[in-house]
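As a plain string of letters, each chain reads:
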Amino acid sequence: MLFVVPDFYDDFHCIAGQCRHSCCIGWEIDIDEESFAYYSGIEGEIGRALRDNISAWPTPHFILGENERCPFLKENGLCRLILSLGEDSLCHICREHPRFYNDFSDRTEAGLGLCCEEAVRLLLEGDSPLNLLCYDDSGGESPTPEERALFALREKIFSLLNDSSRPLYSCMVSCAECCAAPMPDLNMARWARFYMGLERLDPAWSEALQLLDCRGGEVVLPDSLDGIKYRRIAAYFVYRHFASAGSPAQAYDMLAFAILSTAMVCALETLGLDCGEALRLYSAEIEYSDENIGLILNKIRE
């Protein structure tokens, strides 16, 4: 069985109190059954605090406090559970976040969600094309014919995106041609208006979209959309989403989504936003909403 990760995966460590955008604020935190049973048996002051701040209905979860803060998040950004009971006391979602896993017949592909500012920093500080590290634990099934074809197509797309002898926009055009499709529409003002109609959580994201709506005409993507930073961003969007297409015949939708996502981040940076913050906002608002992704894919198919 293969375990595949991007080149910065093993360098990740939660920066806890140094994080400016804590994942312990503004996110629903469900508790897995094993952790719920463990918490129910904890005694003393921390046990009472756990029972006072957990609801079992409809699914066990922490009861968020003011400003949607986890009740165990201290003012200094540290976790009271870790300080009192150790890291092993964390429930599954807290222990794994921001990691994600995509399972296939012969492999598991893991990565770090870009809603996390430290994951973004690690991705952007790379000065070479995104590289995938593959660990072989032996065993496992053979990939299905559909998976084999999809991975082969993805490798071709990675190769094109990493071709520094050509502008990235030109490489993207060639990627679309590999899927027998045209480049997606990259009118950023038009897309900003569409994104404004999606579910939005952070006021900073709404402000970014309003800026793009008003000044999107100033963005010249074929010129701005280049450099190793954006090659890594594009490849990472492909890595996270492309294989979920299921087959090469459905691959264009996910490729178009990856290209559009990269272009949106680039457009926001062109208009003055920090690239890392634009990428973090985009991921939190779009990648973590199946509904938003579905609506964008439907729009791409029009």
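Predicted model, so just to flag it, every value in this text is computed and none were measured.

Colleague: Looking at this model, I keep getting lost on the nonpolar core. Mind explaining?
Modeller: Membership of the largest hydrophobic core comes to 81 residues, with the highest contact counts inside it found for Met188 and Tyr195. Among the elements that take part in this core, helix 12 (residues 251-270) stands out by supplying 15 residues, more than any other. The contact partners of Tyr195, leaving out residues within four places of it in the chain, are Arg200, Trp205, Leu209, Leu260, Met264, Tyr282, Ile286 and Ile296. Counting residues in each nonpolar core, the second largest holds 14 residues, with Ile31, Tyr39, Ile54 and Leu73 among its members.

Colleague: I'm lost on the side chain of Ser261 in this one. Help?
Modeller: Examined against the element boundaries, Ser261 turns out to sit in helix 12. Residue Ser261 is classed as buried on the basis of its relative accessible area, which comes to 0%. Within the structure, the side chain of Ser261 is placed 2.7 Å from the backbone oxygen of Phe257, a separation counted as a polar contact. Setting aside its immediate chain neighbours within four residues, Ser261 contacts Phe237 and Tyr282.

Colleague: Is there a simple way to think about the environment of Ile15 in this case?
Modeller: Here Ile15 is to be found in the loop between strand 1 (2-6) and helix 1 (33-40). Distance in space between the C-alpha atoms of Ile15 and Ile31 is 22 Å, their sequence separation being 16 residues. If near-sequence neighbours (up to four positions away) are discounted, Ile15 is found in contact with Glu117 and Glu118.

Parameters at a glance
Residues numbered from 1 in each chain as written. Predicted model: local features only at pLDDT ≥ 70, side-chain atom pairs only at ≥ 80, totals over all residues. Heavy atoms only, no water. Core = buried A, V, L, I, M, F, W, Y, C linked by side-chain atoms within 4.5 Å. Buried < 20%, exposed > 50% of the residue type's maximum accessible area, 1.4 Å probe, protein only. Helix = DSSP H or I, 4+ residues; strand = E, 2+ residues; numbered from the N terminus. Contact = heavy atoms within 4.5 Å. Polar contact = N/O pair within 3.5 Å; in protein donor to acceptor, adjacent residues only side chain to side chain.

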